[in-house]
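Summary of structural features
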Amino acid sequence: MASESDEKQVQLIEFFRSRLCQYIDVEQVVDRIQFIDREQKEKIRQKAKNDGNLSAVTLLLTAVQKKPHSLGWFRDFVDALHHGGSGFAADYLEQKLPDPEEEAENDTCVKFIELLAPDLTDMKTEVVALECMSQKLLTQEEFDRVKAKTETEGQRYGASELLRRIVKRRPGWYSKFVEILQKTEHKFLHQLTGGLIDQGDYLNNPMAVMRPHQDFTLKVIFYLNKKKNIYIYFICISSASDIYSLITLEVNTSEPVSLLNSSDVEQGSETADIVLRDYQMEVARPALEGKNIIVCLPTGSGKTRVAVYITKAHLDSRRAEKKPCKVVVLVNKVPLVEQHSKAEFKRYLEPNYKIEKVSGDSPLKISFSEIVKQNDVIICTAQILENSLAIPNNGDDEGINLSDITLMVIDECHHTQKGEVYNLIMMRYLKLKHKNHIRKKAEKKPLPLPQILGLTASPGVGKATKMKQAEEHIMRICANMDAFKIMTSDLESNKKEQRRQITLVENRKEDPFGNVIKNIMQAIHSHAKLSPTCELDSQMYEQWAVQIGRKAEKEGDQTVRVCADHLQQYYEGLNLCNTIRMCDAYNFLNKFYEDKLKEKKDEKHKIQITETERFLFNLFQENKKELETLSKIPKYENDSLSKLRKAVLYEFSTRDGARGIVFTKTRRSAIALNQWIQENSRFDDIGVKPAYVIGGGDQSVVKPMTSAEQKDVLKKFANGDVNLLIATAVAEEGLDIAACNFVIRYGHVTNEIAKIQAEGRGRAEDSSLILVEVKNSGVAGKEFVNEFRIKLMTKAIDKIRKMKQEDYESQITEFQYQSILEDKVRTKKKGKEEIRKCKPSDVKLLCQGCSIEVCSGDDIKIIDKMHRVNVTKEFEKLFIRRENTSLQERLLDYETNGYIACLNCGARWGSMMVFRSIEIPCLLVENFVVNVNGQNISKRKKWSEVPVEFSAFNYTEHASQVTQSDDDDDIDSD
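Conventions used here
- Residues numbered from 1 in each chain as written.
- Predicted model: local features only at pLDDT ≥ 70, side-chain atom pairs only at ≥ 80, totals over all residues.
- Heavy atoms only, no water.
- Helix = DSSP H or I, 4+ residues; strand = E, 2+ residues; numbered from the N terminus.
- Buried < 20%, exposed > 50% of the residue type's maximum accessible area, 1.4 Å probe, protein only.
- Contact = heavy atoms within 4.5 Å.
- Axes fitted to C-alpha atoms, helices over the stretch in contact; angles between N-to-C directions.
- Parallel < 35°, antiparallel > 145°, perpendicular 65-115°, else oblique.
- Nonpolar A, V, L, I, M, F, W, Y, C, P; charged D, E, K, R; others polar.
- Pairing = 2+ DSSP bridges.
- Phe/Tyr/Trp six-rings, centres within 6.5 Å; stacked < 30°, edge-to-face > 60°.
- Lys NZ or Arg CZ within 6 Å of the ring centre and 35° of its normal.
- Polar contact = N/O pair within 3.5 Å; in protein donor to acceptor, adjacent residues only side chain to side chain.
- Core = buried A, V, L, I, M, F, W, Y, C linked by side-chain atoms within 4.5 Å.
- Salt bridge = Lys/Arg side-chain N within 4 Å of Asp/Glu carboxyl O.

**What to know about the overall build of the protein**
On a plain count of helices and strands, the protein comes out with 35 helices and 29 strands. Evaluated residue by residue, the protein yields a buried proportion of 49% over its 974 residues. Looking at the protein alone, contacts between residues at least 24 apart form 68% of all its contacts between residues at least 6 apart.

Dropping the structure here:
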């Protein structure tokens, strides 16, 4: 075990060798290392004396890495760095890494000092050195060395020694040094290094021209050195006043010099430099050679930055070679389109390259194919690309071909599996690759294929329980991505261990609130003659209730169907009671019954209430008061909330600048937990500022969050206006969330991929990972399984990376051919199903609520291959219209405008939408019982699951009828 740890530490030193060489001061460090013998130390000192510090550091690192190692050697080396004035070097070995931007700024500051060194050595060395020591830019020992150098060799040599040492400090030294120059009355040097200056002769003083910008200031310095050559420094200074890019231009004074005014400097015209850390460059290397790879790095380690770097290199090289270049960046969530575009790609690639983003939130004003033609980089959701690839180019609409793309970046590429849209796109790629093999054999020119770059924090292991299965799962993803290699970095093994805690909860001693709900459920069982065999608050019960509801719907048994629907609501009430407050569970049930009663009330029409529905309404009313009273008694609350309160209060009371995320299972619990925290004064007293972020899809009955709302919350979280985020799984993957110092998973554990991603959010120093159990959630057991899977995945990836390349490629090819053949079988089967599709006249829709016949398939038309509508006069007589204030959707040339419900029983059927200024009833298939050839089929959630093709809606014909009807009404009124 010790040798394994030693090997990782040796690798870590090698990984950061270039940075260690830059920041280690050998003279101060070497004597503090205990495990290097005296003779070796003397060799290192002589090396420093004869060949300089850099050569000596190289020799020192070789000695440190030499085996065998004594116990505690690595800690001894790191301590020597800390105590020897090389703390910044020690930071790298302790994984306290600066941000890439900060690192780049620091490198530029060092370069700037090197450029100005001939003039900076004119400083009053001892005065400046004394101030540097007081500002902790020099240690006492370093100050003594600078002083000795000044006394023995002169002021300029002492100044050089001072500059050599301060540039090894942690980032932030530059601004301190500039202040010291001002304080010690070095006016010229202060101006030269970027301080404020008085207006003067351009050629006698450095002249700074300032140009403010939202994120930075562009400073242009004109400086005449002693050789009468003008140096023009273009310096971008960030809001923190640290330099982050520098361009130097030397002008010979024998030629006319045209000095710029501030108005001549173009704001934001320079593309920011992309700086990769060593490990990022290492994983990027094969892609820079044009190979397909998967980059597998932990959350927060800069995968997207690597992708931007590879993209820029790809575009630059192809442009230089005058070859076509087109990059498509695919994401699986709408908010990621904006995030990747603004935060990374536009920042580093504009204005040199044209970038466009496309998603469901940004309706196309021109065709997608036209956007691809007009831009260099397109960032879009995967479905948009797949839709365009599926369009045959011989039709009216123009699609695109994979051959039009030269680089395709796939974010969260572990989703490239069966059934996922990523895999549909990559299947097209694999087929084209296979086609090229055939073309080569026929001596035909192969069609161009895009380079593929996949990004993921974890490929997962699927359902694997053994190493071989885990390897196969990952190899299949590699095959689907046509990856030459999966590239990783051993960052996690060297990362400081996060504090982990699993908090178990005690069952309630008394649960009168839950008992009332269970008694109601038992009464419903008796009414519907149902006999469940499982606990009423177990997940098995929920599955049972769903199954009997579907069976009853198919059989037309309205009593059981309605009872099953209400039982599912009571189950959810029990679940909420175990997860959040009893009052939240009560409010949920009360709102459900209020909404149901509203469905049965209409001023103009008498809506049917069945005996079963009346029984259910009365049953809730009989117990409503007791539930409300019990929900207000604190001693009956669940223990999970108490444990969550304790965890949050501890984190905020023991940390400065606490910032955390609480992950929970459902949207409803996220909203309720946020409300609970806001209403609790103890949280407010210690500065907890909560907000929730939930998904944007419409799969839930809870109103989704728009991408703009998500973005607003995450922005507040980043700037500190919010410091506790209550989130569903939407925050686990992809979204750019500021680093946290604690992550709490509240009764919510899914798979090993989500675990890695959720825990990756807690990437701040000394972060905590806390799991709080919730009754019947089984999270403790799931957590154990996920820990096992993560270890299995890590070993599997390592084993795959060590495979011989020919063996790896042989297996990849085998999996690819298997996938192509499986796809052919599926396509053939789908074709047969298409042939078996029934006629519209064979289909009938029945009301889910009362089983009356609503319409025939002949009455249903389709708009935009998406919306099923019924505009017949007969159908219009069967429904009533109701307002839906939460429905505010506006897409393309239609909008929703309330909903329609059964005139007989009040059950919802769909929405009333406005399509090109005409109101049209739009049907949701999940609200109906579908009858095919006299047989009720099982519940359908999507129209695509109904085996029939409806004819297209004729807008002109219907608009003519509506206009004629309006004209007739006008004549009658006359």
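**A look at the packing of helix α8 (residues 100-120) against helix α12 (residues 173-183)**
Packing of α8 against α12 leaves a shortest axis separation of 10 Å and a crossing angle of 30 degrees. Taken together, the axes of α8 and α12 lie roughly parallel to each other. Side by side, α8 and α12 meet where N106, C109, V110, F112, I113 and L120 of the first sit next to W173, Y174, F177 and L181 of the second. Here the residues of the contact of α8 with α12 are counted per class, giving nine nonpolar, one polar and no charged.

**Structural notes on the sheet that holds strand β8 (residues 377-381)**
One open sheet holds the seven strands; their spatial order is β7-β8-β6-β9-β10-β5-β11, and the pairing between them is parallel. The open sheet has two edge strands, β7 (355-358) and β11 (485-488), and neither has a second partner. Across the sheet, the mean angle separating the axes of adjacent strands is 15 degrees when strand polarity is ignored. Pairing analysis gives four bridges linking strand β5 (residues 293-296) to strand β10 (residues 451-456), with the strands arranged parallel. Residue pairing across strands places I294 opposite G454, the latter belonging to β10. Packing against the sheet, helix α32 (residues 779-801) makes contact with β5 and β11, and its axis sits at approximately 125 degrees to β11.

**Some thoughts on the packing of aromatic side chains**
Note on aromatic pairs: each is described by the distance of the centres and the angle between the planes. This model, assessed by the stated rule, comprises 23 aromatic pairs. Centroid distance Y23 to Y92: 6.3 Å. Interplanar angle 15 degrees. Geometry classified as stacked. Taken together, the residues Y23 in helix α2 (residues 17-23) and Y92 in helix α7 (residues 87-93) connect sequence positions 69 residues apart. Y92 sits in the buried class, given a relative accessible area of 1%. Geometrically, the ring pair formed by W676 and F683 is edge-to-face, given 5.3 Å between the ring centres and 75 degrees between the ring planes. Note on accessibility: W676 and F683 belong to one class, buried. The residue whose ring lies beneath R659 is F717, and the NZ or CZ to ring-centre distance is 5.4 Å. The aromatic ring of Y899 is capped on one face by R908, whose charged end is 3.8 Å from the ring centroid.

**A few points about the side chain of N870**
Looking at where N870 falls in the secondary structure, it is placed in strand β21 (residues 867-870). Among the polar contacts made by the side chain of N870, one reaches the side chain of T872 at a distance of 2.8 Å. Contact partners of N870, with chain neighbours within four places excluded, come to C855, D859, F875, P921 and L923.

**A short note on the nonpolar core**
If you look at the biggest cluster of nonpolar residues, it comprises 78 residues, and the most contacted ones within it are F513, Y541, Y570, L724 and I744. Apart from residues lying up to four places away in sequence, L724 is in contact with V648, F652, G660, I661, V662, I677, V688, K689, P690, A691, F717 and F742. By size, the runner-up hydrophobic cluster in this structure holds 49 residues, among which are I378, A382, C413 and L430.

**Some remarks on the pattern of salt bridges**
Taken as a whole and assessed by the stated rule, the structure comprises 49 salt bridges. With its nearest N and O atoms 3.1 Å apart, the salt bridge here joins E27 to R145. Placement of the pair is E27 in helix α3 (residues 26-29) and R145 in helix α10 (residues 140-153), with a sequence separation of 118 residues. Classification of R145 by relative accessible area gives partly exposed; the value is 30%.

**With respect to the sheet that holds strand β18 (residues 843-847)**
Ordered in space as β19-β18-β27-β28, the four strands form an open sheet in which the pairing is antiparallel. In this open sheet, the two edge strands, each paired with only one partner strand, are β19 (853-856) and β28 (935-936).

**With respect to unusual backbone geometry**
Residue P68 follows K67 across a cis peptide bond; omega there is -5 degrees. Position of P68 among the secondary structure elements: in the loop between α5 (53-65) and α6 (73-83). Look at the link from E350 to P351: it is a cis peptide, with omega at 5 degrees. With respect to the element layout, P351 can be found in the loop between α16 (334-349) and β7. In this structure, E412 takes a positive phi of about 55 degrees despite not being glycine. Structurally, E412 can be placed in the loop between β9 (407-411) and α19 (421-441).

**As for the side chain of S768**
Checked against the element boundaries, S768 lands in strand β17 (residues 768-772). Here S768 falls in the buried class, since its relative accessible area comes to 1%. A polar side-chain atom of S768 sits 3.4 Å from a polar atom in the side chain of E651.

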